[in-house]
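Here are the chains, one letter per residue:
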Amino acid sequence: MPVSLRDKLKELRKKKGYSLDELARLSGASKSYLWELENRSERKPSAEKLIDIARVLDTTTDYLVDDNAGFDDQQVKEAFFRKFNNLDDDTKGRVMDMIETWSRKK
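Quick notes on the rules
- Residues numbered from 1 in each chain as written.
- Predicted model: local features only at pLDDT ≥ 70, side-chain atom pairs only at ≥ 80, totals over all residues.
- Heavy atoms only, no water.
- Helix = DSSP H or I, 4+ residues; strand = E, 2+ residues; numbered from the N terminus.
- Buried < 20%, exposed > 50% of the residue type's maximum accessible area, 1.4 Å probe, protein only.
- Contact = heavy atoms within 4.5 Å.
- Areas by Shrake-Rupley, 256 points an atom, 1.4 Å probe, with all protein chains shown as cover.
- Patch = residues over 30% accessible without salt bridge, like charges linked within 9 Å, V, L, I, M, F, W, Y side chains within 5 Å.
- Salt bridge = Lys/Arg side-chain N within 4 Å of Asp/Glu carboxyl O.
- Phe/Tyr/Trp six-rings, centres within 6.5 Å; stacked < 30°, edge-to-face > 60°.
- Lys NZ or Arg CZ within 6 Å of the ring centre and 35° of its normal.
- Core = buried A, V, L, I, M, F, W, Y, C linked by side-chain atoms within 4.5 Å.
- Expected span 1.5 Å × (residues − 1).
- Arc of directions from axis to C-beta.
- Polar contact = N/O pair within 3.5 Å; in protein donor to acceptor, adjacent residues only side chain to side chain.

Student: For the overall build of the chain, give the residues involved together with the corresponding values.
Tutor: Along its length, the chain carries seven helices and zero strands. For the chain, the residues scored as buried account for 28% of the 106 residues in total. Relative to all contacts within the chain whose residues are 6 or more apart in sequence, the contacts with residues 24 or more apart total 49%. Carbon together with sulfur atoms contributes 50% to the accessible area of the chain, which is approximately 7200 Å² in total.

Structure representation (structure tokens):
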């Protein structure tokens, strides 16, 4: 069953426990813009705004805009690596050290 952008945004926002105000603050979009995305079926977001919103909601833009897309392992990985790539080098190194430690436990 197809799920629209507005339904996905509302569901993901609520799962994160964000109000419209909080999502607006974190994504750089206005509260009214987000409200329109969640409540008007014909509203189409700009690519730039959608990227920022997807980042905050730990998802991908593909998932948000494709009414037939499911959130699978590939989207989880893409969201993780997007966050990882935005870390500073020192933090990336610490994350890699943790992964290395965990992989040795097998």
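Student: Explain a nonpolar patch on the surface to me, using residue names and the numbers behind them.
Tutor: The grouping of Met96, Met98, Ile99 and Trp102 at the surface amounts to a nonpolar patch, some 410 Å² of accessible area in total. Among the structural elements, Met96 can be located in helix α7 (residues 89–104). On the basis of relative accessible area, Met96 is assigned to the partly exposed category, the value being 45%.

Student: Describe in detail the packing of aromatic side chains, supporting the description with residues and values.
Tutor: Scanning all chains against the criterion turns up zero aromatic pairs. Positioned above the aromatic ring of Tyr63 is the side chain of Lys8, whose terminal nitrogen or guanidinium carbon lies 4.3 Å from the ring centre.

Student: Explain the nonpolar core residue by residue, including any values.
Tutor: As a rule of thumb, nonpolar side chains are buried together in soluble globular proteins. Leu5, Leu9, Leu34, Leu37, Ile53, Leu57 and Leu64 are the most contacted members of the largest nonpolar core, which totals 17 residues. Within the residue set of this core, elements represented by two or more residues are α1 (5–16), α2 (20–27), α3 (31–39), α4 (47–56) and α5 (61–65). Counting residues per element, this core draws most heavily on α4, at four residues. Not counting the four nearest positions on each side in its chain, Leu64 is found in contact with Leu5, Lys8, Leu9, Leu12, Leu50, Ala54 and Thr59.

Student: Give a detailed account of α7, specifying residues and quantitative values.
Tutor: The first and last C-alpha atoms of α7 sit 23 Å apart over 16 residues, in line with the 22 Å expected at 1.5 Å per residue. Buried within α7 are the following residues: Thr91, Lys92 and Val95. Projected down its long axis, α7 shows its buried positions confined to an angular sector of 105°, all on one face. α7 presents Asp89, Asp90, Asp97 and Arg104 as exposed residues on the side facing more than 90 degrees away from its buried surface. Capping the start of α7 is the job of one residue whose side-chain oxygen sits 3.1 Å from the backbone nitrogen of Asp90: Asp88.

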